[in-house]
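# Residue-level structure breakdown
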Amino acid sequence: MPIRDMLQNENISVSFEFFPPKTEEAWQRLYKTIENLVPLHPSHVSVTYGAGGTTREHTHELVVRVQRETGIPVVAHLTCVCASAAEIRKTLEQYSSNGIRHLLILRGDVPEGVTEEEAWPADGFRQASDLVALVKKEYPHMGVGVAGFPEGHPSTPNRLREMEYLKAKIDAGADWIVTQLFFDNRDFYDFCERCAFYGIEVPITPGIMPITSLQNMHRIADLAAGARIPAPLMKSVWRARTRENVKNVGVHWAAEQVRDLIDNGVAGIHLYTLNHSDASIQICRSLGLRDFLDLPASVTAEPGDHIFLDSKQTSRNEKS
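We now turn to the structure provided with this report. (Residues numbered from 1 in each chain as written. Predicted model: local features only at pLDDT ≥ 70, side-chain atom pairs only at ≥ 80, totals over all residues. Heavy atoms only, no water.)

## Details of the side chain of Asn216
On the secondary structure map, Asn216 appears in helix H9 (residues 214-223). Not counting residues up to four positions away in its chain, the partners in contact with Asn216 are Pro210, Ile211 and Leu274. (Helix = DSSP H or I, 4+ residues; strand = E, 2+ residues; numbered from the N terminus. Contact = heavy atoms within 4.5 Å.)

## Notes on the pairing of strand E8 (residues 268-272)
In terms of residue burial, E8 counts as a mostly covered element, since five of its five residues are buried. Burial of E8 is two-sided: the residues Gly268, His270 and Tyr272 facing one way and the residues Ile269 and Leu271 facing the other way are all buried. Two strands pair when backbone bridges link them, and strand E1 (residues 13-18) and E8 are joined in this way by five bridges, in the parallel orientation. Paired with Phe16 across the strands is Leu271, a residue of E8. Taken together, the two bridges between strand E7 (residues 204-208) and E8 define a ladder with parallel strand orientation. (Buried < 20%, exposed > 50% of the residue type's maximum accessible area, 1.4 Å probe, protein only. Pairing = 2+ DSSP bridges.)

## Digging into helix H8 (residues 185-197)
In this model H8 runs 19 Å from its N-terminal to its C-terminal C-alpha over 13 residues, within 8% of the 18 Å that 1.5 Å per residue would give. In this fold, the buried residues of H8 make contact with strand E5 (143-148), helix H7 (159-171), strand E6 (176-181), E7 and helix H11 (243-263). Positive backbone phi, at 80°, marks Gly199, one or two positions downstream of H8. (Expected span 1.5 Å × (residues − 1).)

## Structural notes on the pattern of salt bridges
One pass over the full model with this rule turns up 16 salt bridges. Close ionic contact of Glu25 with Arg29 constitutes a salt bridge, the shortest N to O distance being 3.2 Å. Of this pair, Glu25 and Arg29 both sit in helix H2 (residues 24-37), four residues apart, roughly one helical turn. Look at Glu25 and you get partly exposed, because its relative accessible area is 44%. Across the pair Lys247 and Asp278 runs a salt bridge whose closest N-O atoms are separated by 4.0 Å. Highlighted residues: Lys247 in helix H11 and Asp278 in helix H12 (residues 278-287), separated in sequence by 31 residues. (Salt bridge = Lys/Arg side-chain N within 4 Å of Asp/Glu carboxyl O.)

## A look at the sheet that holds E7
Around the barrel, which closes on itself, the eight strands sit in the order E1-E2-E3-E4-E5-E6-E7-E8 with parallel pairing between neighbours. Taking the axes of each pair of neighbouring strands and ignoring which way they run, one obtains an average angle of 30° across the sheet. Here strand E3 (residues 74-79) runs beside strand E4 (residues 102-106); their pairing, made up of five bridges, is parallel. Note that in E4 the partner of Val75 across the bridge is His102. Sitting on the sheet, helix H6 (residues 128-138) is in contact with E3, E4 and E5, with an inclination near 155° to E4. (Axes fitted to C-alpha atoms, helices over the stretch in contact; angles between N-to-C directions.)

## Quick look at the nonpolar core
Judged by nonpolar contacts, the single largest core of 69 residues is most densely connected at Leu92, Leu103, Leu131, Val135 and Ile177. In this structure, Val135 is in contact with Leu92, Leu103, Ile105, Pro140, Met142 and Val144, ignoring residues within four places of it in sequence. Judged by nonpolar contacts, the second largest core, of 22 residues, contains Leu181, Phe183, Ile220 and Leu274. (Core = buried A, V, L, I, M, F, W, Y, C linked by side-chain atoms within 4.5 Å.)

Spelled out as structure tokens, the structure:
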């Protein structure tokens, strides 16, 4: 089923995002994370894509393996930056031949130390809307998602121009929007109103990432190019002191965000996992979003302690 159709049915869609690790130990933890999250029956999962070739091959491997071994639809990230048209077409052919039918198309951030000429090859794509148009023309069987920024795009301070760029992606054929993370739902609702004003009618999925430690809070701010962390959340985190308490505060805040979003009619929730399962499971459990009969008693991942996904889990997911 196309992602857009999943987001328009009456059930709440829950999806997760992963990134390709850089070490063997981290790969083992990721496989355990995926194994732990499969019983939540996600509508889909997404896998990020590094600029300049940093993790692109790993992304291809992970995307194909997850879809093959779990039956869960995978949304593969695809960026414009540091890629020629020929390289992008090669990637698209790889995905298509391996049964990947969903993409999240992004312009991408220029990696450190990369020149403008290297970042934007003459035969490449400078805007995500151009790449969306190519995919819809040459691979019409693929569903395409694009990014939205409730707090504003970090490289486009003009909020009117930002919405024009988003509208161009939708007009080029994008099927749904998934947002950058945010911590105040009012930013998301305002974003949705602006989308409606610009005639954007595709499903919009809010992206949520729980804070799990002080270090994680700083990392989130860096990853989101200065995400706004509300004062009440900051105060609660600083009061918590211990790592366990900080995580409880962060998960509670995220769960309350999700509860409010669902109460206000969102089509689905996209959880940024940072390749860990505990917080996502806690959020879904606290809100009764899924059947938890199949969940493992413990979600603690030990290096090498995984059997990626067995056939029983796979068949169960395919029937959901």
